[in-house]
Amino acid sequence: MEKRIIFHIDVNNAFLSWTAVHKLKSGEKLDIRNIPSVIGGDEKTRHGIVLAKSPVAKKFGIKTAETLYSARKKCPNLKVFPSEFDWYYEQSNNMYNYLCTYTPIIERFSIDECFLDLTGTSLLYKNYEELAYKIKDDIKKQFGFTVNVGIGNNKLCAKMASDFEKPDKVHTLYKKEIQDKMWPLPIEDLFMVGKKTSQILRSLNINTIGDLAKTEENILKKHFKNQARVLIESANGLDESNVATRSPKNESISISETLPFDCSDYEKLKEILFRQTEELTRALREQKQYAKTVAVTYKNANFSSYSHQEKLNHPQNSTSEIYIKVLEILKSSWKEDSIRNIGVRLSDLTKNRISQLSIFASEKTYIEQDDSIQKTIDDINKKYGSTSIIPASIKIIGKSNKHKKTKEKEKESN
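Residues numbered from 1 in each chain as written. Predicted model: local features only at pLDDT ≥ 70, side-chain atom pairs only at ≥ 80, totals over all residues. Heavy atoms only, no water.

Draft legend 1. Structural context of the overall build of the protein. If you tally the helices and strands in the protein, you get 15 helices and 12 strands. In the protein, which comprises 414 residues, the proportion classed as buried is 50%. Contacts in the protein between residues at least 24 apart in sequence constitute 63% of all its contacts with a sequence separation of at least 6. Looking at the protein as shown, the accessible area adds up to about 21500 Å², and 50% of this sits on carbon and sulfur atoms. (Helix = DSSP H or I, 4+ residues; strand = E, 2+ residues; numbered from the N terminus. Buried < 20%, exposed > 50% of the residue type's maximum accessible area, 1.4 Å probe, protein only. Contact = heavy atoms within 4.5 Å. Areas by Shrake-Rupley, 256 points an atom, 1.4 Å probe, with all protein chains shown as cover.)

Structure, rendered in structure tokens:
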């Protein structure tokens, strides 16, 4: 049986690079990647945080997820630029569509990362490292930003490989290379090992990935329970997960995003979930499908996963209707912990919406009008930007939820 060949494509410093590309394409001469700069929120409130930093800013000790107030103290002449998520998704889509030309087995792991399964393509691609360099160089030439490409025999190793020396590099981490390339790395470098996990491991004198790989499972169980085995398997480069493709024939459709920082900001999570809902519902409409069930999935800073799903009253593919349900689920199921990965899943897909609702002609007419209006919105957003038109109901529900949550906290404090 042919060994699996998995590529992981990771955009270098995505948010800042994409903003830099946007400014250069708009006629600006200065490349913000070459100055002390960050992408962040509202600096005036002192609550804005660093989402991405330039290599120059990194030299000042500025870190992702620290406050802009703190970053400014480290570098007084720091330039702060707002996020441009419509543009980021456009660039992400450009890269995704390009990568689809190499294999149909592709997974969008986050806005700036994709996995490609190239297993069984050795007759088509004679040298996988040469192919990786071609992909890397083509993206740089066509789109103006750089990526790292990691190659491995599973998703974990490909992901780890892409995190080796940056930027604009190709790295391999095959099974035979794990002991030499991965085991000497500090424990913090193992995928999904966060700050709290690494602190516990170091307290057990587990300081490198190799140390963890050789640790007895029983030693870890009292600290990590069922996750102990996962940690040890990961340290040994073991991972059987498949590259999850999205197909029109799937009974479910989903998207998740690994965040550049652990997020416990309710408003930021709402913003991320809206973008995901908008993308998924647009895909449903293109496939002429409707979803009966909506779920929100979470993975927190301790890499514990949980999710919650609810049924819709009627099958839907409307962005506003499904997003309202997504917000209801977020409000009822989020544990207010720090989230590392969040996603939306739409399931129980059907081609038939009308039969599930009513046999009355008036209701059918309403549905057809609703679908027609949504198609018009899609056409406008496709031409002028994904959020050129946002249904008022989305803005209303967002504001009412925020107000309600604030009132609840005020009540608790009293």
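Draft legend 2. The environment of Thr 64, seen in detail. Tracing the chain through its elements places Thr 64 in the loop between α2 (55-59) and α3 (68-74). Take Thr 64: its relative accessible area is 27%, and that puts it in the partly exposed class. In this structure the C-alpha to C-alpha distance between Thr 64 and Ile 39, which are 25 residues apart in sequence, comes to 9.5 Å. Those residues in contact with Thr 64 that lie beyond four places of it in its chain are Val 50, Leu 51, Lys 53, Pro 260 and Phe 261. In this structure the side chain of Thr 64 is engaged in a polar contact, spanning 3.1 Å, whose partner is the side chain of Lys 53. (Polar contact = N/O pair within 3.5 Å; in protein donor to acceptor, adjacent residues only side chain to side chain.)

Draft legend 3. Layout of the packing of helix α1 (residues 14-25) against helix α4 (residues 85-99). Packing of α1 against α4 leaves a shortest axis separation of 10 Å and a crossing angle of 95°. Between α1 and α4, the interaxial angle falls into the category roughly perpendicular. Residues Phe 15, Trp 18, Thr 19, Val 21, His 22 and Lys 25 of α1 form the contact with α4, whose participating residues are Phe 85, Trp 87, Tyr 88, Gln 91 and Ser 92. (Axes fitted to C-alpha atoms, helices over the stretch in contact; angles between N-to-C directions. Parallel < 35°, antiparallel > 145°, perpendicular 65-115°, else oblique.)

Draft legend 4. Structural detail: the sheet that holds strand β3 (residues 50-53). Strand order in the open sheet formed by three strands is β3-β2-β4, with mixed pairing between adjacent strands. The strands lining the two open edges of the sheet, one partner per strand, are β3 and β4 (79-82). Each strand axis lies, on average, 30° off the axis of its neighbour in the sheet, ignoring direction. The pairing of strand β2 (residues 37-40) with β3 spans three bridges and is antiparallel. Across the sheet, Ile 39 pairs through a bridge with Ala 52, a residue of β3. Relative to the sheet, α1 contacts β2, β3 and β4, its axis offset from that of β2 by approximately 105°. (Pairing = 2+ DSSP bridges.)

Draft legend 5. Just the packing of aromatic side chains, in detail. What the rule picks out here adds up to 15 aromatic pairs. Relative to Tyr 88, the ring of Phe 15 lies with its centre 4.7 Å away and its plane at 5°, an arrangement referred to as stacked. Taken as a pair, Phe 15 in helix α1 and Tyr 88 in helix α4 lie far apart in primary sequence, 73 residues in all. As far as the burial class goes, Phe 15 and Tyr 88 line up, both buried. On the basis of an interplanar angle of 75° and a centroid distance of 6.3 Å, the ring pair of Tyr 98 and Phe 143 is categorised as edge-to-face. You can see Tyr 98 sitting in helix α4 and its partner Phe 143 sitting in helix α5 (residues 128-143), a full 45 residues away along the chain. When its relative accessible area of 12% is taken as the criterion, Phe 143 is described as buried. (Phe/Tyr/Trp six-rings, centres within 6.5 Å; stacked < 30°, edge-to-face > 60°.)

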